[in-house]
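Here is how the chains run, residue by residue.
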Amino acid sequence: MTKITHYQWKCFSIEEQSHLLPDGREIAFTTLIHPGAVVIIPIDSNGNLVMVHQYRPAVKRWLLEFPAGTIEPNEDILMSAQRELAEETNLAAKQWHLLGELLPVPGFCDETQYLYVVKELTPTQGKLDDDEIIDVVTFSVAEIEQKIIDNQIQDNKTLAAFLKARLLGFI
């Protein structure tokens, strides 16, 4: 079977192609093709974490998240993270630490999310995307942990990035 593109929208597509499973069976499998994304945990000089309170039309509600965004075509991953940090928070950072990668929905999507912790924040000018409504907020680690307990933070990339940063000793 050749690759069939069922749908194309912006930089995303839904594609079907044959896939050989580890047990030798060949199946037709449909995948949401995603260019990848970056997730940034900004830590200010007081040790507080910068988040965005963002309206998400897909779920029709406001979410607390770390700044994040889709990697543009042919864009360097670090450059994408720097762009997204500026766009969503009007901040730049001098220290960048790559924490690793997440696979948010590997059952049907090939997206990889690249996680960063950033420090030494300075103001800069960013421009939100047309569909973004964002308030920048800052919380202590204890406040974020309480918000997680109280189910006020539900975004999976934010939860996973926070856990990874915590386990690696960044927060």
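Just so it is clear, the model here is predicted, and its values are computed rather than measured.

**Things to note about the packing of aromatic side chains**
Counted according to the given criterion, the structure contains three aromatic pairs. Note on tryptophan 9 and phenylalanine 12: the rings are 5.7 Å apart at their centroids and 20° apart in plane angle, and the pair reads as stacked. Accessibility expressed as a relative area gives 45% for tryptophan 9, which makes it partly exposed. The exposure class assigned to phenylalanine 12 is buried, which follows from its relative accessible area of 17%. An angle of 65° between the planes, with centres 5.8 Å apart, marks the rings of tyrosine 55 and tryptophan 62 as edge-to-face. For tryptophan 62, a relative accessible area of 39% puts it in the partly exposed group.

**Structural notes on the sheet that holds strand S10 (residues 134-139)**
Each strand in a sheet pairs with another by means of backbone hydrogen bonds, the pair being arranged parallel or else antiparallel. As summarised here, the arrangement of the three strands in space is S6-S5-S10, forming an open sheet in which the pairing is antiparallel. At either margin of the open sheet sits one strand with a lone partner, and together these are strand S6 (61-65) and S10. Going from strand to strand, the sheet's axes swing by 25° on average, the running direction of each strand aside. Two elements, strand S5 (residues 49-56) and S6, share five bridges in a ladder whose sense is antiparallel. Bridge pairing in S6 places glutamine 54 opposite leucine 63. Together, S5 and S10 form the strand contacts of helix H1 (residues 77-89), whose direction differs from that of S5 by roughly 70°. Each of S5, S6 and S10 is contacted by helix H2 (residues 141-149), which is oriented at about 115° to S10, the strand it contacts most.

**As for the nonpolar core**
Ile41, Leu49, Met51, Phe66, Ile144, Phe162 and Ile171 are the most contacted members of the largest nonpolar core, which has 20 residues in total. Broken down by secondary-structure element, the contributors of at least two residues to this core are strand S4 (37-42), S5, strand S8 (91-102), strand S9 (113-123), H2 and helix H3 (156-167). With three residues, the single largest contributor to this core is H3. Listed in part, the 12 residues of the second largest apolar core include Val38, Ile40, Tyr114 and Tyr116.

**Observations regarding unusual backbone geometry**
Within the chain, asparagine 90 stands out as a residue other than glycine whose phi angle is a positive 60°. Even without a glycine there, the phi angle at asparagine 151 is positive, about 65°. With respect to the helices and strands, the residue asparagine 151 is situated in the loop between H2 and H3.

**Comments concerning the UniProt feature "domain: Nudix hydrolase" (unreviewed entry) in the chain**
Those places that UniProt annotates as "domain: Nudix hydrolase" (unreviewed entry) correspond, in this numbering, to residues 32-161. End C-alpha atoms of residues 32-161 are separated by 22 Å, and the span's content is 22% helix alongside 41% strand.

**As for the domain arrangement of the chain**
Taken domain by domain, the chain consists of domain 1 (1-33) and domain 2 (35-168). The C-alpha-based centres of domain 1 and domain 2 are spaced at 29 Å. Listed per partner, the contact involves seven residues of domain 1 and six residues of domain 2. The largest contributions to the domain 1 side of the interface with domain 2 come from Cys11, Leu32 and Ile33, which together make up 62% of the buried area. On inspection of domain 1 and its partner domain 2, the count reaches zero salt bridges. Connecting domain 1 to domain 2 are two residue pairs in polar contact (both at pLDDT 80 or more). The element that contributes the greatest number of residues to the side of domain 1 that touches domain 2 is strand S3 (residues 26-33), accounting for five residues.

Reading the values: rules and limits
Residues numbered from 1 in each chain as written. Predicted model: local features only at pLDDT ≥ 70, side-chain atom pairs only at ≥ 80, totals over all residues. Heavy atoms only, no water. Phe/Tyr/Trp six-rings, centres within 6.5 Å; stacked < 30°, edge-to-face > 60°. Buried < 20%, exposed > 50% of the residue type's maximum accessible area, 1.4 Å probe, protein only. Pairing = 2+ DSSP bridges. Helix = DSSP H or I, 4+ residues; strand = E, 2+ residues; numbered from the N terminus. Axes fitted to C-alpha atoms, helices over the stretch in contact; angles between N-to-C directions. Contact = heavy atoms within 4.5 Å. Core = buried A, V, L, I, M, F, W, Y, C linked by side-chain atoms within 4.5 Å. UniProt positions renumbered as here; feature names shortened; annotations may be inferred. Domains from an automatic or database assignment. Buried area = accessible area lost by both parts, 1.4 Å probe. Salt bridge = Lys/Arg side-chain N within 4 Å of Asp/Glu carboxyl O. Polar contact = N/O pair within 3.5 Å; in protein donor to acceptor, adjacent residues only side chain to side chain.

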